[in-house]
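This is what each chain is made of:
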Amino acid sequence: MENRIDKALKGAKGIQLMTHVVAGYPSLAANEELIRLMARCGVRLIEIQIPFTDPLADGPTIMRANQAALDSGVTPDHCFELCERLSRELDVAFMFMTYANIPYAMGMTRFLDRAAASGASGVILPDLPWDESDGDYADLARGRGLHPVMVISPDTPEERLSRILDRASGLLYTTLKVGITGAGATMDQAGIDYVRALRARAGLPIAAGFGISSPEHVRMLAGLADAAVVGSHIINLLDGSGMQAVEQFLSACIAGR
């Protein structure tokens, strides 16, 4: 069976959107409504973040959402169940994003088994040193039909980048800046230049994120990245103006890509 990440990116016209949802924020029911809205707008790549107490790569918006979800009692089981319900209904490539403590607490094999059984297409563990993990996380994921989506940034050392490119599959996730997530008013030219250089050597689709908050940002990445990742800005829109504002933003991004 073809992995949905591959399916979403194969022959795609223009840059895709890859959106981010923190499971349980503002509620699991709201997540379902939001993900269905994203799918209606044409989004085919969606990260479901399993909330964690110390999300090291995330800025204040997503950190706050993680804590609120945890305070409401959201567990990994809720996240797997959310994905399972929606993966049966929607033609979307879901990826679980979380931090290494979660799969290690569950047991990596069990975590990956649950992710695959829920209908997910990939896993993103930004703080996992995949090349040092017990049992080889990348091979364990691929053995279950999941792409181990690896995260790099402009300060990834050359030797390590080469090793990652040799092992990566499905999608390579690069940040546009060094640091944490968060919507920004401007996009750093150095980040765009990094994506351009990476595209020349990566050999597989590239998703670029951290700071994307406007349709103009998405257009700036067109022809360089295969997907633009939007997370914090969607939460800010949802909190400030509701689902309609999210729909308007996504529609504008997709119409202008």
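Here is what the cut-offs are and how they apply
- Residues numbered from 1 in each chain as written.
- Predicted model: local features only at pLDDT ≥ 70, side-chain atom pairs only at ≥ 80, totals over all residues.
- Heavy atoms only, no water.
- 1 Å grid on protein atoms, 1.4 Å probe; cavity = no way out; pocket = protein on both sides within 12 Å on 5 of 7 lines; lining within 4 Å.
- Points joined across faces, edges and corners; volume = space filled by probe spheres on them.
- Nonpolar A, V, L, I, M, F, W, Y, C, P; charged D, E, K, R; others polar.
- Buried < 20%, exposed > 50% of the residue type's maximum accessible area, 1.4 Å probe, protein only.
- Helix = DSSP H or I, 4+ residues; strand = E, 2+ residues; numbered from the N terminus.
- Pairing = 2+ DSSP bridges.
- Right-handed = clockwise from strand over helix to strand, strands pointing away.
- Arc of directions from axis to C-beta.
- Contact = heavy atoms within 4.5 Å.
- Axes fitted to C-alpha atoms, helices over the stretch in contact; angles between N-to-C directions.
- Parallel < 35°, antiparallel > 145°, perpendicular 65-115°, else oblique.
- Left-handed = near helix turned anticlockwise from the far one by under 90°.
- Disulfide = S-S within 2.5 Å.

How would you sum up empty space enclosed by the protein? Please name residues and give values.
Evaluation of the coordinates by the stated rule reveals two cavities of 30 Å³ or more. The computed volume of the second largest cavity comes to approximately 50 Å³. Every residue lining the second largest cavity is listed: His 20, Val 21, Val 22, Tyr 25, Leu 34, Ile 234, Ile 235 and Leu 238. By residue class, the composition of the lining of the second largest cavity is seven nonpolar, one polar and no charged.

Give a detailed account of the pairing of strand 7 (residues 206-209), specifying residues and quantitative values.
Here strand 7 shows two buried faces, one formed by Ile 206 and Ala 208 and the other by Ala 207 and Gly 209. Direction of pairing for strand 7 relative to strand 8 (residues 227-230): parallel, over a ladder of two bridges. Across the sheet, residue Ala 207 finds its bridge partner in strand 8, namely Ala 227. In this fold, strand 7 hands off to helix 10 (residues 215-221), which returns the chain to strand 8; that crossover is right-handed.

Pulling in residues and values, what's your account of the pairing of strand 5 (residues 147-152)?
Moving residue by residue along a regular strand, the side chains alternate between the two faces of the sheet. Burial runs high along strand 5: five of the six residues are buried. Pairing analysis gives three bridges linking strand 4 (residues 122-124) to strand 5, with the strands arranged parallel. Following the sheet pairing, Val 123 is matched in strand 5 by Pro 148. Examined bridge by bridge, strand 5 and strand 6 (residues 172-175) share three bridges and lie parallel to one another. Counterpart to Val 151 in the pairing with strand 6 is Tyr 173. Remark: the strand 5/helix 8 (residues 158-167)/strand 6 crossover connection has right-handed handedness.

Just give me the short version of the layout of surface pockets, but keep the residues and values in it.
In this approach the atoms are scanned with a rolling probe the size of a water molecule, which exposes any empty space left behind. Looking at the second largest pocket, its volume works out to about 220 Å³. Around the second largest pocket, the lining is made up of 13 residues, and of these Met 1, Arg 4, Gly 119, Ala 120 and Ser 121 lie nearest the centre. Grouping the constituent residues of the lining of the second largest pocket by class yields four nonpolar, five polar and four charged.

So what's going on with helix 6 (residues 108-117)? Residues and values would help.
Among all positions in helix 6, only Met 108, Phe 111, Leu 112 and Ala 115 are buried. An end-on view of helix 6 places all buried positions within 90° of arc, on one side of the element. The elements touched by buried residues of helix 6 are helix 4 (76-89), strand 3 (93-97), helix 5 (101-106), strand 4 and helix 7 (137-142). Directly beyond the C-terminal end of helix 6, a positive phi value near 95° is found at Gly 119.

Residue-level account of the packing of helix 2 (residues 28-41) against helix 4, with values.
Contact geometry for helix 2 and helix 4: axes closest at 11 Å, N-to-C directions at 30°. One way to sum up the angle between helix 2 and helix 4 is to call them roughly parallel. Considering how the two elements wind past one another, helix 2 and helix 4 form a crossing that is right-handed. Of the residues in helix 4, those in contact with Leu 28, Asn 31, Glu 32, Ile 35 and Arg 36 of helix 2 are His 78, Leu 82, Arg 85, Leu 86 and Glu 89. Residues belonging to the contact of helix 2 with helix 4 are distributed by class as follows: four nonpolar, two polar and four charged.

Just give me the short version of the state of the cysteines, but keep the residues and values in it.
Across all of its chains, the model carries zero disulfides by this definition. Looking at the unpaired Cys 79, the closest cysteine sulfur is the one in Cys 83, lying at 9.7 Å. Cys 253 takes part in no disulfide bond, and the closest cysteine sulfur, belonging to Cys 41, lies 9.8 Å away. The buried category is assigned to Cys 253, whose relative accessible area is 1%.

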